[in-house]
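Secondary and tertiary structure notes
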Amino acid sequence: MECVGDDMIFEEILSRLPAKVVCRFKSVSKQWCYELSTPKFVFIHARRVGNSIQKKLLSLKENSIVVDDIVAGNLEEDTSETVTFPYDVEPSFLSIIGSFNGLILLCIKRSYNELVLWNPTTRRLKMISDEYFSRYFGRHNDSGGMYFDDHNDLKVLHINCYWDVVTARVYSRHNESWRKLNFLNGTQLGT
């Protein structure tokens, strides 16, 4: 009987499992922890899970964050799970801006504001704010989203429209920095 190669185990078998199960396999060995954390594996896993018929619904309640399973468009009964945001903040001070491949883009609303990338499965978060985000993130003035570029770098897009001045900026997870984009302004801006 032939041995099954590591590539087969990681790319064809483990990449098909739910993220929580994959996280448990990281404790098998240092090598497995490394392999399951590589950008290549994360990319393959995200693509496979993204095509799954099972999705998650994240709800911010006044004092909790609830995750429900949605299978084939139907909310599954008795699958609610309460998760804790790994930062000292009440859920009522959080605004969900967007989600992509299991990551959540949040704004923490305080006297100053922080933009955060959060993975509820691994409970890891990354503050990506800079001085530009010191004011309140307004749902009528701001929009955001995430995507992977051609080099598999996660990008966060933030668009702000205030008094007909539109500012578009992109954050690169690889470079850990923001850059401003040229964007339409004033009357050029479509509704």
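Values in this document were obtained by computation on a predicted structure and should not be read as measured data.

1. Notes on the overall build of the protein
Secondary structure summary: the protein contains four helices and 12 strands in total. The buried share among the 191 residues of the protein stands at 31%. The contacts in the protein between residues at least 6 apart in sequence include a share of 31% that link residues at least 24 apart. Carbon together with sulfur atoms contributes 52% to the accessible area of the protein, which is approximately 12600 Å² in total.

2. A few points about the sheet that holds strand β7 (residues 113–119)
On the basis of which strands lie adjacent, the open sheet formed by four strands has the order β5-β6-β7-β8 and antiparallel pairing. Since the sheet does not close on itself, it has two edges, and those belong to β5 (94–100) and β8 (124–127), each with one partner. Averaged over neighbouring strand pairs, the angle between their axes works out to 25° when direction is ignored. Pairing of strand β6 (residues 103–109) with β7, which is carried by six bridges, proceeds in the antiparallel orientation.

3. A closer look at the confidence of the model for the protein
Chain-level pLDDT for the protein is 75 on average; 73% of the residues reach the 70-or-more range. Element-level pLDDT for the protein is lowest in strand β3 (residues 74–75), with a mean of 60, against a maximum mean of 89 in strand β12 (residues 177–181).

4. Things to note about the nonpolar core
Grouped together as the largest cluster of nonpolar side chains are 12 residues: I97, L103, L105, C107, L115, L117, I128, M146, L154, V156, Y171 and W178. When residues of this core are traced back to their parent elements, those giving at least two are β6, β7 and β10 (154–162). In terms of residue count, β6 provides more of this core than any other element does, three residues in total. Among all residues touching L105, those that are not within four sequence positions of it are S95, I96, I97, G98, L115, V116, L117, I128, G145, M146 and V156. Counting residues in each nonpolar core, the second largest holds 11 residues, with I65, V83, F85 and I104 among its members.

5. Here we look at the pairing of β6
Burial analysis of β6 places seven of its seven residues in the buried class, the great majority of the element. Because side chains alternate across β6, one face comprises the buried residues L103, L105, C107 and K109, and the other comprises I104, L106 and I108, equally buried.

6. Notes on unusual backbone geometry
Even without glycine at this site, E176 takes up a positive phi of about 55°. Looking at where E176 falls in the secondary structure, it is placed in the loop between β11 (165–172) and β12.

7. Concerning the packing of aromatic side chains
Considering all chains together, one arrives at three aromatic pairs under this definition. Geometrically, the ring pair formed by F100 and F148 is tilted, given 5.4 Å between the ring centres and 55° between the ring planes. In this pair, F100 sits in strand β5 while F148 sits in strand β9 (residues 142–148), placing the two residues 48 residues apart along the sequence. Residue F100 is classed as partly exposed on the basis of its relative accessible area, which comes to 25%. Seen in terms of ring centroids, Y171 and W178 are 5.3 Å apart; in terms of plane orientation they differ by 55°. Their pairing is tilted. Accessibility assignment for this pair places Y171 and W178 in one class, buried.

8. A closer look at the sheet that holds β11
Spatially, four strands are ordered β9-β10-β11-β12 in an open sheet, and the strand pairing comes out antiparallel. Strands at the two margins of the open sheet, each flanked by one partner only, are β9 and β12. Ignoring which end each strand starts from, the neighbouring axes of this sheet average 20° apart. One ladder, built from eight bridges, connects β10 with β11; its direction is antiparallel. Paired with V156 across the two strands is Y171, which belongs to β11.

9. Let's talk about the environment of S92
Relative to the helices and strands, S92 is located in the loop between β4 (81–83) and β5. A relative accessible area of 42% means that S92 is categorised as partly exposed.

Reading the values: rules and limits
All residue numbers here refer to positions counted from 1 along the written sequence of the relevant chain. Per-residue local features are limited, in this predicted model, to residues with pLDDT of at least 70; the limit for side-chain atom pairs, both in listing and counting, is 80 or more; totals at the level of whole chains, interfaces and linings are taken over all residues. Neither water nor hydrogens contribute to the side-chain values; these are computed over all heavy atoms in the structure. Working definition: helices are DSSP H or I runs of at least four residues, strands are E runs of at least two. Numbering for both runs from the N terminus. Working definition: with a 1.4 Å probe on protein chains only, accessible area under 20% of the residue-type maximum means buried, over 50% means exposed, and in between means partly exposed. Residue contacts are counted whenever heavy atoms from the two residues lie within 4.5 Å of one another. Note that accessible areas follow from Shrake-Rupley with a 1.4 Å probe, and for residues the cover is restricted to the protein chains shown. Only strands that DSSP links by at least two bridges are regarded as paired with each other. Axes here refer to lines fitted to C-alpha atoms; in helices the fit is confined to the stretch in contact. Angles between the N-to-C directions go from 0 to 180 degrees. Confidence scores labelled pLDDT are given residue by residue by the predictor and lie between 0 and 100. Take the buried Ala, Val, Leu, Ile, Met, Phe, Trp, Tyr and Cys residues and link them wherever side-chain atoms come within 4.5 Å; each set so joined is a nonpolar core. Think of it this way: a Phe, Tyr or Trp ring, Trp meaning its six-membered ring, pairs with another when their centres are within 6.5 Å, and the plane angle makes it stacked under 30 degrees, edge-to-face over 60, tilted otherwise.

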